[in-house]
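The residues making up each chain are set out below.
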Amino acid sequence: MEMKKMRTIVIVTMLLCFGMVTALVIPSSAMAKESTVKIGLVMEPQTLNPLSAESEQNWHIIKMIYCGGYIDPRGLYAYTPKSLEWIPYMAESMPQWLDDKTVVVKLKKGIKWHDGSEFTAEDVKFTLDFFGEFEAANYYNTIDMLEKVEVVDPYTIKFHVKEKTTLLYYRTFMTLILQKAKWSKIVTEARKNEAPQKYIFNYVIKNPVGTGPFKFVEEKQGQYILLEKNDDWFLKGQTISTGDGGSVTYGPFVDRILFKFYGNLSSAVLALKGGEIDTIWHGLDAAFIPELKKVKHLTVSTKPYYHDVKFAGFNLREKPLSDKMFRKALAYAIDKDFLIKRLLQGYGTASDAIENPGLEFWYNGNVENYFRGKSEASRYSKAISILKEAGYTWDKEPKIEGSRVIPGVGIKMSDGKKVRTIEIITRTQATNPQEAQSAILISQWWKKLGVDTKTNLVAFPTLINNVWWENKFDVIVFGNIIEPYPVHLQYYFDVKEIYQYGWNVMAYKEDRYQKAMYDWLKVFDWDEARKGAFRLQEILADDLPHIPLFVLKNIHAYNHTRFKGWIEQYNGVVNKDSLSCIRPVK
Amino acid sequence: MGYLVNRLIMTVITLFVILTVTFTMFRLMPGDPSVFFISPQMSTETIARIKAQFGLDQPIHKQFTNYLGSILHGNFGHSFFYKRPVLEVIGERLLNTIVLFLPAAIISYLVGVGLGRYMAWKRGGTSERVLIFTGLSFWTFFVPWLGLLMIWVLSYKFGLFPVGGMITPDKWLPGSTLLGRALDLLHHLVSPLVCYVLTWFAGNMLIMRNSMLETIGEDYILTVRAKGLSERKIRNKHAARNAILPVVTAFSMSIAYSIGGCVLLETVFSWPGIGRTMVDSVLLRDYPLAQASFILIATVVLVANLITDILYAYLDPRIRY
């Protein structure tokens, strides 16, 4: 019997070894002979339905199928890869305004959907009408400026709009276009359904058809998605100026893209180091940089900035946060240098405005910044004097002794009422460590001014519920999405966005800003638009509805021994342009 | 038979209670799942209309009765996050979990029982001390740490196994053989399976050892020894069979406990199973998916308990219900 058992153990062990060795030596089929870029994703995509896709990882895949190339092109226009100017994408030329309420767009000829049919003005009209009829959440803002869309001929569309504004360019003209032939059947079924929006939202797209550089091949839920190159892509072989003196030539030059999903970033990084994947389409933590730099086949890119600016935003509906002087004092207490050097280990940049310092054209670096070149003692000294001037008193006043700050206790408003506990709400440590740790540090810094604070780290849906749905918050530490064109200067601060669920969650309604912002929306000249954006940033830096904190450097690593021609952009080196342009090394 | 019917009725009642508690618990948690399908730019009327289509405008008791009705019709709804029928999401992931955990649980059980039996028989020796030390060491290891260590050594340093996932896509493309696919799956299975066995075998091993130590002191062992039976027969047929009852109980309970381990293991080894999906669904307020996952787990535990009771009667002829 003992012999039998030994035999069994030996057989099982041999089977396992056999399995391992055989799996390694079995010749891979097609993919091994072709060039396949293997990209690790840390979160699996939810859906291939662009009407209900939300996560960034999800959009990485959808954009490669539907558009690809250029910055954020989803439809008729896009941004140049580096200078971020408006450029025709599926449109042939820039829009022609017939009057203040009518604009005509001509389409490129010869654009093909992945099933071989032609892309025409009918697809554009169908898409926008569809978004309007079904009030699709992700696209709701693309149609609210439209009165009517009219097909003039298969390659010409006339838009009747409510007013002439730049909003139309970065909303309607850059929205994703759906194929009428495929979606009209879905729409017909949805209309018959008693819950049409729900039907569309939950519709499972198993074989998405786009016009982008890669076609969908296969999906294994929770494991991978495989795309193959689209030889009929309308940008294939075209060389365009990047707007900074350089140029790029579009392929695709790789045969396939494999998106592989990992359960956590550490495993994905090990897969990258071991050569199992070529890159990770996800911002890496700074902690990974030293080990990644030691790997010979990897290049680590840390130059460009990510597109969201972390901020501490105030609920301006109640005192004392509605008091600009109180907010200014709080701004002086924040040590952004500490956040950059200690928290981000140097892989970030302090932001003085609600704009990305990496977008040099739009970023106004000359606004009041409250911290640069100032010692802790001088910052707190300034904060205390501002509060005193505004009539604030303390049970025990904070003091500066040499370079030390002696914390105050029990700050009171000018009417003698005690300032209540200020709650800083943000996402959990696990979801976003930078935001959570910033909130904790800020809370400590404000306590030195005698302001009683506490931090509340919550799950994302709770944050959305408390802040956007119910407006029950004091301060939120979060990240504002920064678009290539500074559209955020409108939607985060527009008085029309103050309502339950609205974007202007702080309830900022300063008149001078509203007037300047609405004037700016009518400016189409690029240099004039820049001046307007600078002015808006100046006003915000003075009013401080929220305090900009920092932007993270976008850390990407890729295998340079397998593919070359990666393009660094403001959103990192792993981007749609790179994947449309990279070539196999051998 | 009467006992079995009673147990089945109790199981159904327990499931109903779990279902009610789970339903209520998710509704009491802060956070609105409508975040998935409405936009801040929508008018209040539009938001209300869309919420109504998802049934989120109904009072809680109405949502509950609707939910019960749907479940009875085998409809668990659509996942808010994955935008697909819940049963479809759970079905494919549950199968993946079973592929990993069923062999892993059986192997850890067999290894644990085998080693426990051996240790009790060779009590007081060096091998017992070494096995206790080794078993307890692995038992106390934090699963993600051990998993990452294994990935680092076996996958990264020596390149023996994949870093994660369940299959290598290019070995599953059209044209690949069934054998090739099976071997590829096996190749991916080894690391997480070994990690599971290392962290779970000690529990079974120690219970079996303790139970065996009690059993081998019994009079009937002395009797069979006096009858001249071989040591192997005494150990395996008389001592081990009587000692195995507590391990059977522990095995069924370990299925419930291993779900916690399965979450961690699936995350570390990027295994596309139900554990990771369940955690994500709770964090994302994906009510339909989370509720269905909880019901599934509750069902597994209840059924495992039921099977344990039946097994008891089979293993110990003295037990009759």
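These figures come from a predicted structure and were not determined experimentally.

1. Quick look at the overall build of chain B
Looking only at helices and strands, chain B features 12 helices and zero strands. Its helices and strands taken in sequence order, chain B reads α-α-α-α-α-α-α-α-α-α-α-α from the N to the C terminus. C-alpha atoms of chain B, sized along the principal axes, occupy 85 × 55 × 40 Å. Burial analysis of chain B (321 residues in total) assigns 39% to the buried set. When contacts within chain B are restricted to residue pairs at least 6 apart in sequence, those whose partners lie at least 24 apart make up 72%.

2. A word on the overall build of chain A
The number of helices and strands found in chain A is 19 helices and 27 strands. Taking 586 residues into account, the globule formula puts the C-alpha radius of gyration at 25 Å, and chain A, at 27 Å, falls close to it. Based on the C-alpha atoms only, the size of chain A along its principal axes is roughly 85 × 75 × 55 Å. For chain A, buried positions account for 48% of its 586 residues. For chain A, contacts bridging at least 24 residues in sequence account for 66% of all contacts bridging at least 6.

3. Comments concerning the sheet that holds strand β7 (residues 156-161) of chain A
Residues and elements named next belong to chain A. Ordered by their spatial adjacency, four strands build an open sheet running β4-β5-β7-β6, and the pairing between neighbours is antiparallel. Only two strands of the sheet have a single neighbouring strand rather than two, namely β4 (96-99) and β6 (146-153). Adjacent strand axes in the sheet meet at a mean angle of 25 degrees when their direction is disregarded. Where strand β5 (residues 102-106) meets β7, five bridges bridge the pair, whose relative direction is antiparallel. Within β7, the position partnered with Val 103 by the bridge is Phe 159. Across the sheet, helix α4 (residues 121-134) is in contact with β6 and β7; its angle to β6 comes to roughly 165 degrees.

4. Regarding the packing of helix α6 (residues 143-157) of chain B against helix α7 (residues 178-215) of chain B
Residue and element names in this part refer to chain B. Axis separation between α6 and α7 bottoms out at 10 Å; the angle between their running directions is 135 degrees. With respect to α7, the axis of α6 lies oblique. The two elements α6 and α7 cross, and the hand of that crossing is right-handed. For the pair α6 and α7, contact is made by Val 143, Leu 146, Gly 147, Met 150, Ile 151, Leu 154 and Ser 155 and by Ser 191, Cys 195, Leu 198 and Thr 199, respectively. Residues of the contact of α6 with α7, tallied by class, amount to seven nonpolar, four polar and no charged.

5. Looking at the environment of Ser 378 of chain A
With respect to the element layout, Ser 378 of chain A can be found in helix α13 (residues 376-389). Once the C-alpha coordinates of Ser 378 of chain A and Gly 532 of chain A are considered, the two residues, 154 residues apart in sequence, prove to be 32 Å apart.

6. Things to note about the environment of Asn 230 of chain A
All names here are of chain A. Among the secondary structure elements, Asn 230 is positioned in the loop between β9 (224-229) and β10 (239-241). Sequence spacing of Asn 230 and Asp 255 is 25 residues, and the spatial spacing of their C-alpha atoms is 8.7 Å. Contact partners of Asn 230, with chain neighbours within four places excluded, come to His 114, Gly 212, Pro 213, Phe 214 and Lys 215.

7. With respect to the nonpolar core
Of all hydrophobic cores here, the largest spans 93 residues; its most connected members are Ile 39, Ile 65, Tyr 77, Leu 227, Ile 257 and Phe 259 of chain A. Membership of the second largest hydrophobic core comes to 68 residues, among which are Ile 334, Ile 424, Val 451 and Tyr 491 of chain A.

8. Brief notes about the domain arrangement of chain B
Residue and element names in this part refer to chain B. Examined at the domain level, chain B breaks down into domain 1 (2-72) and domain 2 (86-315). For domain 1 versus domain 2, the distance between C-alpha centres works out to 33 Å. Taken together, the 11 residues of domain 1 in the interface contact 12 residues of domain 2. Here the side of domain 1 that touches domain 2 is composed, by residue class, of six nonpolar, four polar and one charged.

9. What to know about the confidence of the model for chain B
Overall, the prediction assigns chain B a mean pLDDT of 83, with 91% of residues at 70 or greater. Scoring the predicted complex yields pTM 0.81 and, for the interface, ipTM 0.74.

10. Quick look at the domain arrangement of chain A
Residues and elements named next belong to chain A. Under the domain assignment used here, chain A contains domain 1 (36-303 + 555-584) and domain 2 (306-553). Taken together, the 16 residues of domain 1 in the interface contact 21 residues of domain 2. Among the residues forming the side of domain 1 that touches domain 2, the class breakdown is eight nonpolar, five polar and three charged.

11. Remarks on helix α9 (residues 265-273) of chain A
Residues and elements named next belong to chain A. Of all nine residues that make up α9, eight are buried, and the element is covered over most of its length. Buried residues of α9: Ser 266, Ser 267, Ala 268, Val 269, Leu 270, Ala 271, Leu 272 and Lys 273, and no others. Just downstream of α9, Gly 275 is the residue with a positive phi angle, here 85 degrees.

12. Structural notes on unusual backbone geometry
All names here are of chain A. With omega at 5 degrees, the peptide bond leading from Gly 251 into Pro 252 counts as cis. Within the element layout of this structure, Pro 252 appears in the loop between β11 (247-249) and β12 (256-261). With an omega of 0 degrees, the peptide bond running from Lys 319 to Pro 320 counts as cis. At Leu 544, a residue that is not glycine, the phi angle is positive and equals roughly 55 degrees. Take Leu 544: it is sitting in the loop between α18 (526-543) and β24 (546-553). Residue classification places Leu 544 among the buried positions, given that 22 C-beta atoms sit within 10 Å.

13. Topic: the confidence of the model for chain A
Chain-level statistics for chain A give a pLDDT mean of 88 and a share of 92% at 70 or above. Confidence drops under a pLDDT of 50 for residues 25-30 of chain A, and excluding neighbours within four residues, the segment shows 11 contacts in the predicted structure.

14. Notes on helix α3 (residues 56-66) of chain A
The periodicity of an α-helix, 3.6 residues per turn, causes residues three or four places apart in sequence to face the same way. Of all 11 residues that make up α3 of chain A, nine are buried, and the element is covered over most of its length. Along α3 of chain A, the residues that are buried comprise Gln 57, Asn 58, His 60, Ile 61, Ile 62, Lys 63, Met 64, Ile 65 and Tyr 66 of chain A.

15. Details of the pairing of strand β8 (residues 214-220) of chain A
Bridge analysis of β8 of chain A against β9 of chain A gives six bridges, and the strand direction is antiparallel. Directly across from Phe 216 of chain A, in β9 of chain A, lies its bridge partner Leu 227 of chain A.

16. Details of the environment of Asn 75 of chain B
All names here are of chain B. Within the secondary structure, Asn 75 sits in the loop between α3 (60-72) and α4 (86-121). Classification of Asn 75 as partly exposed rests on a count of 14 C-beta atoms within 10 Å. Distance from Asn 75 to Leu 311, taken between C-alpha atoms, is 33 Å for residues 236 residues apart in sequence.

17. A closer look at the packing of α4 of chain B against helix α11 (residues 274-283) of chain B
Residue and element names in this part refer to chain B. Viewed as axis vectors pointing N to C, α4 and α11 meet at an angle of 135 degrees, and their least axial separation amounts to 8 Å. If you check the angle between α4 and α11, you find them oblique. Taken together, the residues of α11 that come into contact with α4 (itself represented by Val 89, Ile 90, Arg 93, Leu 94 and Thr 97) are Ile 274, Gly 275 and Thr 277. Residue composition of the contact of α4 with α11, grouped by class: four nonpolar, three polar and one charged.

18. As for the pairing of β12 of chain A
Residues and elements named next belong to chain A. For β12, the buried fraction is high: six of the six residues fall into the buried class. Of the two faces of β12, the one lined by Arg 256, Leu 258 and Lys 260 and the one lined by Ile 257, Phe 259 and Phe 261 are each fully buried. Here five bridges tie β9 to β12, and the two strands are oriented antiparallel to one another. When the sheet's bridge partners are listed, Glu 228 is paired in β12 with Arg 256.

Conventions adopted
Residues numbered from 1 in each chain as written. Chains lettered and ligands numbered in written order. Predicted model: local features only at pLDDT ≥ 70, side-chain atom pairs only at ≥ 80, totals over all residues. Helix = DSSP H or I, 4+ residues; strand = E, 2+ residues; numbered from the N terminus. Buried ≥ 20, exposed ≤ 12 C-beta atoms within 10 Å, placed from the backbone. Contact = placed C-beta atoms within 7 Å. Rg over C-alpha atoms; globule rule 2.2 N^0.38 Å. Pairing = 2+ DSSP bridges. Axes fitted to C-alpha atoms, helices over the stretch in contact; angles between N-to-C directions. Parallel < 35°, antiparallel > 145°, perpendicular 65-115°, else oblique. Left-handed = near helix turned anticlockwise from the far one by under 90°. Nonpolar A, V, L, I, M, F, W, Y, C, P; charged D, E, K, R; others polar. Core = buried A, V, L, I, M, F, W, Y, C linked by C-beta atoms within 7 Å. Domains from an automatic or database assignment. pLDDT = per-residue confidence, 0-100.

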